[in-house]
Amino acid sequence: MKRQLQGIALLLFGILLGIAEGDLNSYLVYHFEAFPFAAVGLVIGLVGLIFVFKREKDR
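Position numbers for residues count from 1 along each chain, tracking the sequence in the order it is written. With pLDDT at 70 or above as the cut-off, local features in this predicted model cover only qualifying residues; side-chain atom pairs require 80 or more to be listed or tallied, and sums for whole chains, interfaces and linings still use all residues. Side-chain numbers come from the whole structure's heavy atoms, not from hydrogens or water.

Under the scheme used here, helices are H or I runs from DSSP no shorter than 4 residues and strands are E runs no shorter than 2 residues, and both carry numbers assigned from the N terminus. Scanning the chain from N- to C-terminus turns up two helices and zero strands. Note on classification: 1.4 Å probe, protein chains only; a residue is buried when its accessible area is under 20% of the maximum for its type, exposed when over 50%, partly exposed between these limits. By the burial criterion, 15% of the 59 residues in the chain qualify as buried. Accessible area of the chain: about 5300 Å², with a carbon and sulfur share of 68%. Shrake-Rupley sampling with a 1.4 Å probe provides the accessible areas, and residues are treated as covered by the protein chains on show and by no other component.

Okay, structure coming up:
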């Protein structure tokens, strides 16, 4: 079950990258003064992906 959740997390992160790509490109090229909501969402998604693949310690 854990491997299935990791696969789903990778798919969702890939979708997030695809959606955020246009906004990130326009932010980096044209607008440095605007707040980068796409970058914040990407960072939150990356943190979630790290938590999914983090090994659990033995109890």
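Taken together, the side chains of M1, L5, I8, L12, I15 and I19 make up a nonpolar region of the molecular surface, amounting to roughly 680 Å² of accessible area. Structurally, I15 is set in helix α1 (residues 2-29). Distance thresholds for patches are 9 Å for like charges and 5 Å for nonpolar side chains (Val, Leu, Ile, Met, Phe, Trp, Tyr), applied to residues having over 30% relative accessible area and no salt bridge. Salt bridge, as applied in this entry: a Lys or Arg side-chain nitrogen positioned within 4 Å of an Asp or Glu carboxyl oxygen.

Mapped onto the elements, L12 comes out in helix α1. For L12, a relative accessible area of 54% corresponds to the exposed category.

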